[in-house]
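Remarks on the overall topology
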Amino acid sequence: MTSLLSLQGVSKRFGGLQALTKVSFDLPEGQILGLIGPNGAGKTTLFNAINGVYPPEEGSILFRGRDVTRFKPYEHARLGMARTHQIVQPLNELTVRENVMVGACFGHENHSLGQAARIADEVLEFVGLAVRSEQLAGSLNVAQKKRLELARALAARPHLLLLDEVLAGLNSSEIDGMVQTVLKIREQGVTILMIEHVMKVVMNVSDRIIVLDYGQQIAEGSPQEIAANQRVIEAYLGDPKLAESLMEEA
Amino acid sequence: MQQFNLLLASLPDGILLGFVYGLAAMGLTLIWGVMNVINLAHGPIIALGMFSTFFVYSKLGLNPYLGVVPIALLGLLFGILIYAVAVHRVINAPHLSSLLATFSVNMIIIGLGTAALTTSPYNVDFFAGSLQLGSTTLLGTRLIAAFVTLLFTGGLYFFLYRTRPGKHIRAVANNRAAAELMGIPSTRILALSFGLGTMLAAVSGALIATFFPFNILSGGGYELKSFVIGVLGGLGNPIGALFGGLILGMLEGIIPAFLETSWVPVIEFGLFVAILLVRPNGLFGAKK
Amino acid sequence: MKLWNQYRGLIAPVLVVALLAVWPMLTGKPANRESAFTILKAIALASSLNILLGYTGYVSFGHIVFYGFGGYVGIFLLSGMGWPLWASILAGGLASGLLAFLLGSAILRLRGGYFALATIGVNEAMRAFINKFDLFGGPTGITLNFSVYKAYGGAAQALQTSFYIGAALALLALAISYLVRTSKFGLGLLAIRENEDAAEVMGIAAPWAKTWAYVLSAIVPGMIGVLFFFKNGNVEPGDAFPLHASIELLVMVMLGGQGTVLGPILGAFAYQGMRGYLVTSPVFKDIQLSVSGALLLLIVLFIPAGAIGWLRQRVPLLRRVLA
């Protein structure tokens, strides 16, 4: 089994705050790895470390066999890594299609504008935003902006997709739609690392799960193992009953 | 030895001038710190301060320093007016908008000022005695100006750290959205900050008027110096501006002893760009 | 048909410049040539600035530094080294491009107001330095010997030639602006303008893209500088690096609509037209600066997208034509 992404002892500090402490894991190709933990546990920081927004001080990150620890975000993108942001970052004054074209143009496949426009239309169809493609991105509502984030990342046709809470702020029918979309993405062979708070979904969708608490990796395993892990229950789930219900879901 | 004598003659003068530069820059940097707006109307306001002193001294025949307090008050009100008319609507817009908005205020003042006052030089011919220290002469007007600057700096410090509106200003500077959630009326605080920044500019102009001849365009040079000082002391750090002003004043005192005076702007602006690149938060600012 | 689709946005700009170029000949008044040259120069400079300001979102308050620096280099080569006009113009453009490349690598790391301040600093430092630089004549600058114009058929003919070169440079600026706007590189710049961090995450090498946008926005101003000072007969620090001219350019771009190809053209016309009217009007002559200021303020406060941007927002159909 080849790892697409492999972290070894990744640590990150902001001033006096130790945001990440020696995080290590392997993500095999084609899998979905769920990343969970309480607020402030360092999940988004881990994403930022992986894709070069805030490179780690210690440890190394291997992506597709290359050491990318010190790479800039755009170098990661060009190697085939794409991500969505927890707080949506639409390019407001560009149209929805142009937003998605940016993803296609500057990803690892390096498409021309014409090809990018075709890819954008396909992807917008896929995420259900085709009717909005001529609208300015700034005029979308939150759920649509989340889909746009996803579409932009997908248009890059990435090897690895980092999803940062794509479900947050969505209502239950929107969540169902988004989950279907994520599963379809996996079917296309894209490897996914996802941060998610909606437990039902993480437990159902992930092949494996990692739990972070105060920047420490406190558990790793299959959804069933995680739901039964005493440390996880204490740190995160708090309520053993909740854990039980989770186990049922899983 | 000759250089040393030159230095003795020019350095104290430069330092005293530095106080007033610092005062002007304090106004600019206060506004920047609170609302992230570069006030391009800063220069003309300094010039208006100069003309106010001219009015007090030459038209009313009063001691020019009697004008400082009324000028400060008028400056405050004028700043609040500018904020309400030109700045408030663009406070959350991209930088270009607030830059152009304050620049249009600059154009309006300069245009009206040129029409009313022409661009020929004015002079406040006031002598406040002098102090002889060895071979160095310190002019009374400059000593008084430095003293007034210290008073205003102290006052500003007290206001920002010891009074309720001052604390509100610091809160808004720190995080406007959070301050609003805490119930701080941010619009009023922003207007007050802009008023204070304008007040400091006007007072600095009022003091400079007793040093050199001036016209309505004279503020421009001090505006540029205020940028340099603001960056030296850390944009958004009013107290740092005083130190920045002193550094600039010292440079202006030291450089002429070794190089031609015309090198001063080359060095000043070179330094300015260099500091922006290396320490954008200023020599005393926290490194991000 | 494909060609038509690709370049139709260029039609209006090319028409405008062509009309300006033939206007003095049609009316037969030499004074019109001067007004037309002023507008062409404004179009060239504003369109160049627009690449950085409108597409990339970086506010340069000292863009005129490229005009002055290129102008100085070109005039020095023309007058001191005996280079022909065309070569001097090219050299001026290249010199400014190179300056932008070196500067850009450093100051484009700064964002927002810090970048704007740095560009003011660069302009002032350059002015102060040239003022001390003996090779370029120090404070008195360089004055062209009248005999220089002989090679171009005398002063009158040289003025005529300069006018057409000015039109060509305006076209060049518009072509660069259009090609950038409709290219993949341009899409990257727009993404940087909207959100630089997100753009980097999507794979745009922002430092590289910004530097090249800066270089592209500096070349034509350098060439225009050489041409203008050639026509003028001399160059001195005050004329080469006027800070207020940088701001006038910002106003033109803002008036017409930043980030569009047509905007700077419209802005150049509107601004120069307004100025021309105010300076000669008996009512406003004395306070023309204040009236301009008040108008600028109204535009900034109420139509910040500029004329073209406003039209594009109101009439979506026009988006296809108004590039």
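Residues numbered from 1 in each chain as written. Chains lettered and ligands numbered in written order. Predicted model: local features only at pLDDT ≥ 70, side-chain atom pairs only at ≥ 80, totals over all residues. Heavy atoms only, no water.

Between chain C and chain B, the residue contacts involve 39 residues of the former and 38 residues of the latter. Both sides together, the interface formed by chain C and chain B hides about 3400 Å², and carbon and sulfur atoms give 83% of it. Counting every contact that joins chain C to chain B gives one salt bridge. For Glu260(B), the salt bridge is made with Lys132(C), and the minimal N-O distance between the two is 3.1 Å. Where chain C touches chain B, the interface holds six residue pairs in polar contact (both at pLDDT 80 or more). Contributing elements (two or more residues each) for the side of chain C that touches chain B: helix 5 (85-107), helix 6 (112-132), helix 12 (243-256) and helix 14 (288-302) of chain C. Looking at which element gives the most residues to the side of chain C that touches chain B, the answer is helix 6 of chain C, with 14 residues. (Contact = heavy atoms within 4.5 Å. Buried area = accessible area lost by both parts, 1.4 Å probe. Salt bridge = Lys/Arg side-chain N within 4 Å of Asp/Glu carboxyl O. Polar contact = N/O pair within 3.5 Å; in protein donor to acceptor, adjacent residues only side chain to side chain. Helix = DSSP H or I, 4+ residues; strand = E, 2+ residues; numbered from the N terminus.)

Let's shift gears to the confidence of the model for chain C. Residues and elements named next belong to chain C. Mean pLDDT over chain C: 89, with 96% of residues reaching 70 or higher. Looking over chain C, one finds the lowest element-wise mean pLDDT in helix 1 (residues 2-7), namely 67, and the highest in helix 10 (residues 206-232), namely 96. The complex prediction reports pTM at 0.89, with the ipTM value standing at 0.89. (pLDDT = per-residue confidence, 0-100.)

Turning our attention to the interface of chain C and chain A. Taken together, the contact between chain C and chain A spans 20 residues of the former and 27 residues of the latter. When chain C packs against chain A, the two sides together hide about 2000 Å² of surface, and 68% of this comes from carbon and sulfur. Contact with chain A buries surface across chain C, with Lys184(C), Val201(C) and Met202(C) losing the most and accounting together for 36% of the total. Counting across the interface, chain C meets chain A through zero salt bridges. The interface formed by chain C and chain A includes eight residue pairs in polar contact (both at pLDDT 80 or more). Of all the secondary structure elements, the ones that give two or more residues to the side of chain C that touches chain A are helix 8 (184-194), helix 9 (196-201) and helix 10 of chain C.

So, on to the arrangement of the chains. The top pair by number of contacts, from a total of two pairs of chains in contact, is chains B and C. Separating chain A from chain B is a minimum C-alpha gap of 10 Å, and the two share no contact.

Okay, the side chain of Ser226(B) next. Looking at the element boundaries, Ser226(B) is found in helix 9 (residues 219-233). Other than its neighbours up to four places away in sequence, Ser226(B) contacts Ala24(B), Ala25(B), Leu28(B) and His42(B).

This paragraph deals with helix 4 (residues 64-80) of chain C. Every α-helix carries 3.6 residues per turn, so stepping three or four residues along brings you back to the same face. Residue and element names in this part refer to chain C. Between its first and last C-alpha atoms helix 4 spans 23 Å; for 17 residues at 1.5 Å apiece the expected length is 24 Å, and the two agree. Within helix 4, 15 of the 17 residues are buried, which leaves the element mostly enclosed by the surrounding structure. Positive backbone phi, approximately 70 degrees, marks glycine 82, located one or two places after helix 4. (Expected span 1.5 Å × (residues − 1). Buried < 20%, exposed > 50% of the residue type's maximum accessible area, 1.4 Å probe, protein only.)

Okay, unusual backbone geometry next. Trans is the common state for peptide bonds, and a negative phi is the common state for residues other than glycine. The phi dihedral of Lys22(A) falls on the positive side, at around 45 degrees, and the residue is not glycine. Structurally, Lys22(A) is set in strand 2 (residues 17-28).

Looking along a regular strand, one sees the side chains alternate between the two faces of the sheet. Residue and element names in this part refer to chain A. In terms of strand pairing, strand 1 (residues 3-14) meets strand 2 through eight bridges, oriented antiparallel. Looking at strand 2, one finds that leucine 7 is bridged to phenylalanine 25. Between the end of strand 1 and the start of strand 2, which pair antiparallel, lie two residues, with glycine 15 showing a positive phi angle near 55 degrees. (Pairing = 2+ DSSP bridges.)

If you trace the backbone, Leu99(B) turns up in helix 4 (residues 95-117). Here Leu99(B) falls in the buried class, since its relative accessible area comes to 2%. Between the C-alpha atoms of Leu99(B) and Thr187(B), which are 88 residues apart in sequence, the distance is 19 Å. Not counting residues up to four positions away in its chain, the partners in contact with Leu99(B) are Ile38(B), Leu40(B), Val59(C), Phe61(C) and Ala116(C).

A few words on the domain arrangement of chain A. Residues and elements named next belong to chain A. The domain boundaries assigned to chain A delineate domain 1 (1-70 + 159-250) and domain 2 (87-158). Relative to domain 2, the C-alpha centre of domain 1 lies at a distance of 24 Å. Every contact between the two is made by 16 residues of domain 1 and, on the other side, eleven residues of domain 2. Interface area for domain 1 against domain 2, summed over the two sides, is near 1200 Å², with a carbon-plus-sulfur share of 70%. Contact with domain 2 buries area across many residues of domain 1, yet His159, Met178 and Thr181 alone supply 35% of it, more than any other trio. One can count zero salt bridges joining domain 1 with domain 2. Put simply, the parts of the chain that give the side of domain 1 that touches domain 2 at least two residues each are strand 7 (160-164) and helix 6 (172-187). Here the element with the most residues in the side of domain 1 that touches domain 2 is helix 6; it accounts for six residues. (Domains from an automatic or database assignment.)

Residues and elements named next belong to chain A. Within the secondary structure, valine 23 is located in strand 2. Expressed as a C-alpha distance, the spacing of valine 23 and glutamine 8, which sit 15 residues apart in the sequence, is 6.5 Å. Aside from chain neighbours lying at most four places away, what touches valine 23 is Leu7, Gln8, Gly9, Val10, Leu46, Leu212, Gly215 and Gln217.

This part covers the environment of Met202(C). Position of Met202(C) relative to the elements: it lies in the loop between helix 9 and helix 10. A C-alpha to C-alpha distance of 9.6 Å links Met202(C) and Gly188(C), two positions 14 residues apart in sequence. With near-sequence residues (within four places) excluded, Met202(C) lies in contact with Ala77(A), Leu91(A), Asn99(A), Val102(A), Gly103(A), Phe106(A), Gly107(A) and Arg152(A).

Residue and element names in this part refer to chain A. Taking 1.5 Å as the rise per residue, helix 6 with 16 residues should run 22 Å; its terminal C-alpha atoms sit 23 Å apart, in good agreement. Every buried residue of helix 6 is listed here: Ile175, Met178, Val179, Thr181, Val182 and Ile185. Taken around the axis of helix 6, the buried residues stretch over an arc of 160 degrees, which confines them to a single face. Relative to its buried face, helix 6 has exposed residues pointing more than 90 degrees away, namely Ser173 and Glu187. (Arc of directions from axis to C-beta.)

Turning to the packing of helix 1 (residues 2-35) of chain B against helix 10 (residues 238-258) of chain B, a few remarks are in order. All names here are of chain B. Running from N to C, helix 1 and helix 10 cross one another at 150 degrees; their axes reach a closest spacing of 5 Å. Judged by the angle between their axes, helix 1 and helix 10 are roughly antiparallel. Once helix 1 is placed against helix 10, the crossing between them reads as right-handed. Residues of the contact of helix 1 with helix 10, tallied by class, amount to 19 nonpolar, nine polar and one charged. (Axes fitted to C-alpha atoms, helices over the stretch in contact; angles between N-to-C directions. Parallel < 35°, antiparallel > 145°, perpendicular 65-115°, else oblique. Left-handed = near helix turned anticlockwise from the far one by under 90°. Nonpolar A, V, L, I, M, F, W, Y, C, P; charged D, E, K, R; others polar.)

Residue and element names in this part refer to chain A. Counting buried positions along strand 9 (residues 208-213) yields five of six residues, so the element is predominantly enclosed. One ladder, built from four bridges, connects strand 3 (residues 32-36) with strand 9; its direction is parallel. Each residue of the ladder has a partner; that of leucine 35, found in strand 9, is isoleucine 210. Taking the residues that link successive antiparallel strands as the turn, the strand 9-strand 10 (residues 216-221) hairpin has two residues, and the phi of tyrosine 214 there is positive, at about 50 degrees.

In this section: a positive patch on the surface. All names here are of chain B. Where like charges cluster on the molecular surface, the positive patch consists of Arg162, Arg164, Lys167 and Arg170. The biggest single contributor to the positive patch is helix 6 (residues 164-174), with three residues. The exposure class of arginine 162 is exposed, given its relative accessible area of 58%. (Patch = residues over 30% accessible without salt bridge, like charges linked within 9 Å, V, L, I, M, F, W, Y side chains within 5 Å. Areas by Shrake-Rupley, 256 points an atom, 1.4 Å probe, with all protein chains shown as cover. Lys, Arg positive; Asp, Glu negative; His and termini not counted. Charge placed at Lys NZ, Arg CZ, Asp CG, Glu CD.)

A separate point is the packing of helix 5 (residues 140-162) of chain B against helix 10 of chain B. Residues and elements named next belong to chain B. Closest axis-to-axis distance for the helix 5/helix 10 pair is 10 Å, and the angle between their directions is 160 degrees. Judged by the inter-axis angle, helix 5 sits roughly antiparallel to helix 10. Remark: the crossing between helix 5 and helix 10 carries left-handed chirality. Mapping the contact onto sequence places Thr149, Leu150, Thr153, Leu156, Tyr157 and Leu160 in helix 5 and Pro238, Ile239 and Leu242 in helix 10.

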